[in-house]
Amino acid sequence: MSADSDTIARASALIADARDICVFSGAGMSAESGIPTFRDALTGLWAEHSPEDLATPEGWARDPDLVWGWYRDRADRLRTVTPNAGHRALADLHRNRAAVGGGVHIVTQNVDDLHERAGSTIVSHLHGDLTTPRCSGCGRRGSPTDMLTEPRPSCPLCGASLRPDVVWFGEMLPGDQWADAERAVDACDLMIVVGTSGVVHPAAMLPERAAHAGTPIVEVNPDPSAVTAIADVHVPGTAAAALPRIT
Ligand code: APR
């Protein structure tokens, strides 16, 4: 589906008028880079496993080698993909706004680093970061090489196992990332919501927070989502096709 010219014009006008823009992105942002969603990735060797096996503290306690292997494979695959035209459009938009003292402040639910690789500065990785692990004991961060290591490495300081630095189902979001996200939402004069179903809480509260404050929302998503009802403009297109047209 592609957006009509009136929709593109309305979204473009809101973006052109804004100085500080908060982008809230989800899995659809990276789909055209070839990153499968969590469920779509459960194929081949992983087809017999459930999200409960692979993405919960209980799954980790039961079989840490299995969980480590799953995230190690995803981290390895991430190295083979590149940012798409949507990621690049947001980085260009930031440079353009920085020139007038504003910016594009990205809050993402994605654990990939494609926004950063396109040249954006990330305010908040709400659901963690796949590229570097952290110690399950003392919390010290490991290196990108550690994340690609098999068998599962141990912390050189305390000896506990390293774990993926992602937020599993049933875990709290990192408090500092949440606080930074709220600040970015409160400070912006426009929010762009892209590639998220808007149903996973607490992240989904951020567009509601913006709408409650009277901040206009432009949504980019080929399909309607839980955010569409509170968006001022819904652009029915993909991230890579629509973002370059409206920014
Ligand atoms: N461009 C833009 N949007 C797209 C594209 C695309 N190319 N392809 C799909 N979408 C939209 C879908 O229509 C859907 O609304 O992206 C959304 C993806 O929704 P989810 O799979 O629910 O992803 P997300 O909202 O990021 O989920 C939040 O849930 O699985 C957990 O922790 C994981 O961070 C994730 C969280």
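**Q** Quick question: what am I supposed to make of the domain arrangement of the protein chain here?
**A** One frequent convention defines the size of an interface as the accessible area lost when the parts assemble. As assigned here, the protein chain comprises domain 1 (5-35 + 82-127 + 172-246) and domain 2 (39-80 + 134-166). One C-alpha centre belongs to domain 1, the other to domain 2; they are set 28 Å apart. Both faces combined, the contact of domain 1 with domain 2 buries some 460 Å², and carbon together with sulfur accounts for 53% of it. Scanning the region where domain 1 abuts domain 2 turns up zero salt bridges. For the pair domain 1 and domain 2, the interface holds two residue pairs in polar contact (both at pLDDT 80 or more). Grouping the amino acids of the side of domain 1 that touches domain 2 by side-chain chemistry returns three nonpolar, three polar and three charged.

**Q** Hey, could you run me through the packing of aromatic side chains in this one?
**A** Two aromatic rings, taken as a pair, are described by how far apart their centres are and by the angle between their planes. Considering all chains together, one arrives at four aromatic pairs under this definition. Relative to W168, the ring of W60 lies with its centre 5.7 Å away and its plane at 40°, an arrangement referred to as tilted. Of this pair, W60 sits in helix 4 (residues 57-62) while W168 sits in the loop between strand 5 (162-166) and helix 9 (175-187), placing them 108 residues apart in sequence. Given a relative accessible area of 2%, W168 falls into the buried group. For the pair W70 and Y71, a centre-to-centre distance of 6.2 Å together with 75° between the ring planes defines the contact as edge-to-face. Y71 carries the same exposure label as W70, and that label is buried. Put simply, the rings of W46, W60, W70, Y71 and W168 touch in pairs and so form one group of aromatic residues. R163 extends its terminal NZ or CZ atom over the ring of W168, reaching a point 3.8 Å from the ring centre.

Conventions used here
Residues numbered from 1 in each chain as written. Predicted model: local features only at pLDDT ≥ 70, side-chain atom pairs only at ≥ 80, totals over all residues. Heavy atoms only, no water. Domains from an automatic or database assignment. Buried area = accessible area lost by both parts, 1.4 Å probe. Salt bridge = Lys/Arg side-chain N within 4 Å of Asp/Glu carboxyl O. Polar contact = N/O pair within 3.5 Å; in protein donor to acceptor, adjacent residues only side chain to side chain. Nonpolar A, V, L, I, M, F, W, Y, C, P; charged D, E, K, R; others polar. Phe/Tyr/Trp six-rings, centres within 6.5 Å; stacked < 30°, edge-to-face > 60°. Helix = DSSP H or I, 4+ residues; strand = E, 2+ residues; numbered from the N terminus. Buried < 20%, exposed > 50% of the residue type's maximum accessible area, 1.4 Å probe, protein only. Lys NZ or Arg CZ within 6 Å of the ring centre and 35° of its normal.

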